[in-house]
Amino acid sequence: MVFAVIGTLMTGCIKEKRTGADLDAGDCLPEFSVIMNDGTIVSDADLYGNVSVIMFFHTSCKDCREVLPVMQKIYDEYAGKGVRFAVISRSEGNDEIMAYWEENSLKMPYSAQKDRDVYELFASERIPRIYINDKDGIIRYIHTDDPVPSYDDLKSEIGFLIR
């Protein structure tokens, strides 16, 4: 019984407020909540119990433009397998994102954030920024623009976590 409690404590997240600093692999997801363009709300609490992927982007960012179609392919493959996604803009409104989504045949839900408030809970600079998280809300993999992750990179990491 004591070992079960200790095991739970060792794998669960102890929430600490961290803002303005880049999170690292092994950190817990910060508390956040966003409204997606399809009307659903995604929060850190909603992601617990599932492998999750959080991506921050801006449609004028060259590297973001490179990885968004990759993320769409990952979304298409894994959303139906229980992986949760939160694709969140950094300082970009809905009109610009919707136009980009339509122009590029993107279908995955996104959250338009006109400011950096949510982004700054995770990082202080650089996009794209992708966090792949385990079922306990612990960040296991982080990708930025150096290098931009490939489909195979993301597929491998997600596949490892959903086993």
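Anyway, here's the lowdown on the structure attached to this text. (Residues numbered from 1 in each chain as written. Predicted model: local features only at pLDDT ≥ 70, side-chain atom pairs only at ≥ 80, totals over all residues. Heavy atoms only, no water.)

1. Section: the overall build of the chain
From N to C terminus, the chain includes six helices and six strands. Traced from its N-terminal end to its C-terminal end, the chain shows the element sequence α-β-β-α-β-α-β-α-α-β-β-α. Taking all 163 residues of the chain together, the buried fraction comes to 46%. Considering only contacts within the chain whose residues lie at least 6 apart along the sequence, 65% involve residues at least 24 apart. Summing over all exposed atoms, the chain offers an accessible surface of approximately 8,500 Å²; the carbon and sulfur share of this is 51%. (Helix = DSSP H or I, 4+ residues; strand = E, 2+ residues; numbered from the N terminus. Buried < 20%, exposed > 50% of the residue type's maximum accessible area, 1.4 Å probe, protein only. Contact = heavy atoms within 4.5 Å. Areas by Shrake-Rupley, 256 points an atom, 1.4 Å probe, with all protein chains shown as cover.)

2. Some points on helix α3 (residues 62-78)
Across its 17 residues, α3 extends 25 Å between first and last C-alpha, which sits within 8% of the 24 Å expected from 1.5 Å per residue. Its maximal kink placed at L68, α3 deviates by approximately 25 degrees, while the proline P69 follows within four residues. Those residues of α3 that are buried are in contact with β3 (52-57), β4 (84-89), α4 (94-103), β5 (129-133) and α6 (151-162). (Expected span 1.5 Å × (residues − 1). Bend = angle between axes of the 7 residues up to and from the residue.)

3. Let's talk about the packing of aromatic side chains
Throughout the structure, instances matching the rule amount to nine aromatic pairs. Ring centres of F32 and F122 lie 5.5 Å apart, and the angle between their planes is 70 degrees; on these two criteria the pair is classed as edge-to-face. Note that F32 is positioned in the loop between α1 (2-11) and β1 (33-35) and F122 in helix α5 (residues 119-122), a separation of 90 residues in sequence. Taken individually, F32 and F122 each receive the classification buried, so the pair is uniform in this respect. Taken together, F32, F56, Y119, F122 and Y131 form an aromatic cluster joined through their ring pairs. Over the aromatic face of Y78 sits the side chain of K81, whose NZ or CZ is 5.2 Å from the ring centroid. (Phe/Tyr/Trp six-rings, centres within 6.5 Å; stacked < 30°, edge-to-face > 60°. Lys NZ or Arg CZ within 6 Å of the ring centre and 35° of its normal.)

4. Examining the pairing of β4
With five of its six residues buried, β4 lies for the most part within the structure. Of the strand pairs in this sheet, β3 and β4 are connected by six bridges, and their pairing is parallel. By the bridge assignment, I54 is partnered in β4 with A86. After leaving β3, the chain enters α3 and then returns to the sheet as β4, a path that is right-handed. (Pairing = 2+ DSSP bridges. Right-handed = clockwise from strand over helix to strand, strands pointing away.)

5. So, the sheet that holds β5
Taking strand neighbours across the sheet as the criterion, the four strands line up as β4-β3-β5-β6 in an open arrangement whose pairing is mixed. Two strands in the sheet have a free side with no partner beyond their single neighbour: β4 and β6 (139-143). Ignoring which end each strand starts from, the neighbouring axes of this sheet average 15 degrees apart. Sheet analysis places β3 next to β5, joined by five bridges and oriented antiparallel. In the sheet register, S52 faces β5, and the bridge partner there is N133. Here α6 sits on the sheet in contact with β3, β5 and β6, set at roughly 175 degrees to β6. (Axes fitted to C-alpha atoms, helices over the stretch in contact; angles between N-to-C directions.)

6. Notes on the nonpolar core
A general tendency of soluble globular proteins is for nonpolar side chains to be buried together. If you look at the biggest cluster of nonpolar residues, it comprises 47 residues, and the most contacted ones within it are I54, W101 and F122. Only β3, α3, β4, α4, α5, β5 and α6 provide two or more residues apiece to this core. If one sorts the elements of this core by residue count, α3 sits on top with seven residues. (Core = buried A, V, L, I, M, F, W, Y, C linked by side-chain atoms within 4.5 Å.)

7. A look at the environment of N50
For N50, the location among the structural elements is in the loop between α2 (44-47) and β3. By relative accessible area, which is 23% here, N50 ends up partly exposed.

8. Points about the pattern of salt bridges
If the charged atoms of two oppositely charged side chains come close together, the side chains can form a pair. Taken as a whole, this structure holds four salt bridges when the rule is applied. R140 is the partner of D134 in a salt bridge, and the nearest nitrogen-oxygen pair spans 2.8 Å. Exposure remark for D134: the relative accessible area of 10% places this residue in the buried category. With relative accessibility at 37%, the residue R140 sits in the partly exposed group. (Salt bridge = Lys/Arg side-chain N within 4 Å of Asp/Glu carboxyl O.)

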